[in-house]
Amino acid sequence: MKNTFGNNLTVTLFGESHGDFIGAVLDGVSPGIKIDRENIDKRLSQRRPSGKISTARVERDEYIIASGEYQGYTTGTPLTVLIPNTNKKSGDYEKLAKTPRPSHADYTAECKYHGFQDRRGGGHFSGRITAALVAVGAILESALADKGILIGTHISELHGVADRGFEVYGDDIATLNSSAFPVLREVTYENMMREIEKAAAMGDSVGGILESAVIGLPAGVGEPWFDTLEGMLAHALFSVPAVKGVEFGLGFAFADVYGSEGNDAFRIDGGKIVTETNNSGGINGGISNGMPIIFRTAIKPTPSIFKSQKTVNLEDMSDTTIEISGRHDPAIIHRARTVIDAVTAITLADAFTTRFGTDYLASKD
């Protein structure tokens, strides 16, 4: 398995949903980054299930930084985060061993690992593993913020309900990063909650679209051809469970405009080069142009639903049906946003390390 992402700064994931631990190792990280445990705790709490719109499996996420930290700062050697799994009900998955759940990795994992994979709770393919991503991402997010680079994500759409877009980027990002449910209008929160609760009452689930913004990024970051900023971000984003689509700037809507409408004209503003519009989402030729990085990710509805579904029996190769029991989310999009922020921070930290060297992200104090 390819469980390592990045070039000069890498993250390696390990563990299974119902194993003793999940975790991540950051290698190539700058020495001297202050470990902001308050931010790690906040980000983990935003990913954690909460209330009737989430799974009943709630983990405390009492992480351990087992290496790479000394006196509150990164040492520059591999930083290892361990998170114990304490709330496991493995028996819920025993009867699914030979009946793969639709739209899960059960069948494809069986094909690749020939039955030796840990099936409990989805094993290594579970969204539970993203807690480790969030923990290490939060460390790098703080380092980026120290350089004036801020990341924020909101639920742009959910089952027919739309939020407003970004307006005043800094203010909107601050609002989102302090919110448990990431939207920019109160009425949006109410309407989206209603849709999630409706799906839950039907034993079903809903997905949506997340929109992310990154501000403060200087021009000139990205490595064409194959490690472009868009390419590396898309690689990381598509690694997040449930992500099925990514677009930057105007994205697929470029198909509906003329070049004269889609081009971003340049101008001088206060001695800086900026663009009149930002249809390209802050990236030209795979390299940042200094404007806000804007991208959207499509999050599919949670595949574990409490309805009868068609599947197959792998033992006797017959058609059958299953009804999934256990603890599942009617929506994961509100929890996924902090995972999107985390992989964005990891990708940008790697890009900065490649462009400016391993000492670039060290804390100022």
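Cut-offs applied
The numbering scheme is per chain: residues are counted from 1 as the chain's sequence reads. With the structure being a predicted model, the display of local features is reserved for residues of pLDDT at least 70 and the display and counting of side-chain atom pairs for 80 or more, all residues being used for whole-chain, interface and lining totals. With hydrogens and water stripped out, all remaining heavy atoms of the structure feed into the side-chain values. A strand pair is defined by DSSP finding two or more bridges across the two strands. The helix and strand labels rest on DSSP assignments: H or I over at least four residues marks a helix, E over at least two residues marks a strand, and numbering proceeds from the N terminus. Here, residues are in contact when the closest pair of their heavy atoms is within 4.5 Å. Here an angle of 0 to 180 degrees is reported between the N-to-C directions of two axes, which are lines fitted to C-alpha atoms, with helices fitted over the stretch in contact. Think of it this way: a Phe, Tyr or Trp ring, Trp meaning its six-membered ring, pairs with another when their centres are within 6.5 Å, and the plane angle makes it stacked under 30 degrees, edge-to-face over 60, tilted otherwise. A simple rule labels every residue: compare its accessible area, found with a 1.4 Å probe on the protein chains alone, to the largest value its type can have, and call it buried under 20%, exposed over 50%, or partly exposed in between. Joining through side-chain atoms within 4.5 Å is the link that ties buried Ala, Val, Leu, Ile, Met, Phe, Trp, Tyr and Cys residues into a set, and such a set is a nonpolar core. In the sections that follow, a salt bridge refers to a side-chain nitrogen of Lys or Arg positioned within 4 Å of a carboxyl oxygen of Asp or Glu. Throughout this description, any angle smaller than 35 degrees is read as roughly parallel, any larger than 145 degrees as roughly antiparallel, any in the 65 to 115 degree range as roughly perpendicular, and the remainder as oblique. Each helix crossing is assigned a hand: it is left-handed if the near helix lies turned anticlockwise from the far helix by less than a right angle, otherwise right-handed if that turn is clockwise. Note: the arc covers the axis-to-C-beta directions of the helix.

> How should I be thinking about the sheet that holds strand β7 (residues 79-84) in this particular structure?
The strands that make up a sheet pair up through hydrogen bonds in the backbone, lying either parallel or antiparallel. Taken together, five strands build an open sheet; the order of strands is β1-β2-β3-β7-β4 and the sheet is antiparallel. Two strands lie at the open edges of the sheet, namely β1 (4-5) and β4 (64-67), each paired on one side alone. As paired strands, β4 and β7 are joined by three bridges and run antiparallel to one another. Bridged to isoleucine 65 within β7 is valine 81. Packing of helix α3 (residues 130-146) onto the sheet brings it into contact with β2 (10-15), β3 (21-27) and β7, and relative to β3 it is tilted by some 35 degrees.

> Would you explain the packing of aromatic side chains in this entry?
When we look at a pair of aromatic rings, we describe it by the centre distance and by the angle of the planes. Taken as a whole and judged by the stated rule, the model has seven aromatic pairs. Between tyrosine 113 and phenylalanine 125, the ring centres sit 6.3 Å apart and the planes meet at 40 degrees, which makes this aromatic pair tilted. Taken together, the positions of tyrosine 113 in helix α2 (residues 106-113) and phenylalanine 125 in the loop between α2 and α3 put the pair twelve residues apart, joining distant regions of the chain. Relative accessible area serves as the criterion here: at 37%, phenylalanine 125 is assigned to the partly exposed category. Geometrically, the ring pair formed by phenylalanine 248 and phenylalanine 295 is tilted, given 5.7 Å between the ring centres and 50 degrees between the ring planes.

> What am I meant to see in the nonpolar core here?
Generally speaking, a soluble globular protein has its nonpolar side chains buried in company with each other. Ranked by internal contacts, the top residues of the largest apolar core, which has 76 residues, are Leu140 and Leu229. Take this core: its biggest share by element is twelve residues, from helix α8 (residues 333-356). The residues contacting leucine 229, other than those within four sequence positions of it, are Leu217, Val221, Gly222, Ile283, Gly286, Ser288, Ile293, Leu348 and Ala351. Counting seven residues, the second largest nonpolar core, distinct from the first, contains Phe166, Ile173, Leu176 and Ile215.

> Which parts of the structure should I look at to understand the pattern of salt bridges?
If you walk through the whole model with that rule in mind, you get 17 salt bridges. Residue glutamate 141 is joined to arginine 43 by a salt bridge in which the shortest nitrogen-to-oxygen separation is 2.4 Å. Here glutamate 141 is found in helix α3, whereas its partner arginine 43 is found in helix α1 (residues 37-47), with 98 residues between them in sequence. You'll find glutamate 141 and arginine 43 in the same group, each marked buried.

> Help me understand the packing of helix α6 (residues 229-238) against α8 in this model?
In helix packing, the relevant descriptors are the interaxial angle and the interaxial distance, both defined with respect to the helix axes. The geometry of α6 relative to α8 is characterised by a closest axis approach of 9 Å and an angle of 140 degrees between their N-to-C directions. Accordingly, the angle class assigned to the pair α6 and α8 is oblique. Relative to α8, α6 is oriented so that their crossing is right-handed. Together, Leu229, Met232, Leu233, Ala236 and Leu237 of α6 and Ile340, Val343, Thr344, Thr347, Leu348, Asp350 and Ala351 of α8 make up the contact between the two elements.

> Mind showing me how you'd approach helix α4 (residues 169-177) here?
Residues spaced three or four apart along an α-helix face the same direction, because each turn holds 3.6 residues. Buried within α4 are the following residues: Asp172, Ile173, Leu176 and Asn177. The buried side chains of α4 occupy one side of the element, clustering within an arc of 125 degrees when seen end-on. Elements that come into contact with the buried residues of α4 comprise α1, α3, β8 (150-158), β10 (208-215) and α8.

> It is not clear to me how the sheet that holds strand β9 (residues 161-162) should be interpreted in this structure. Could you clarify?
Spatial ordering of the open sheet is given by β9-β8-β10-β16-β11, a layout of five strands whose pairing is antiparallel. Edge positions in the sheet fall to β9 and β11 (243-248), since each has one partner strand and no second. Two elements, β8 and β10, share seven bridges in a ladder whose sense is antiparallel. Bridging from a neighbouring strand, glycine 152 pairs with alanine 213 of β10. Relative to the sheet, α6 contacts β11 and β16 (293-299), its axis offset from that of β11 by approximately 160 degrees. Relative to β8, α8 is tilted by about 145 degrees, and along the sheet it contacts β8, β10, β11 and β16.

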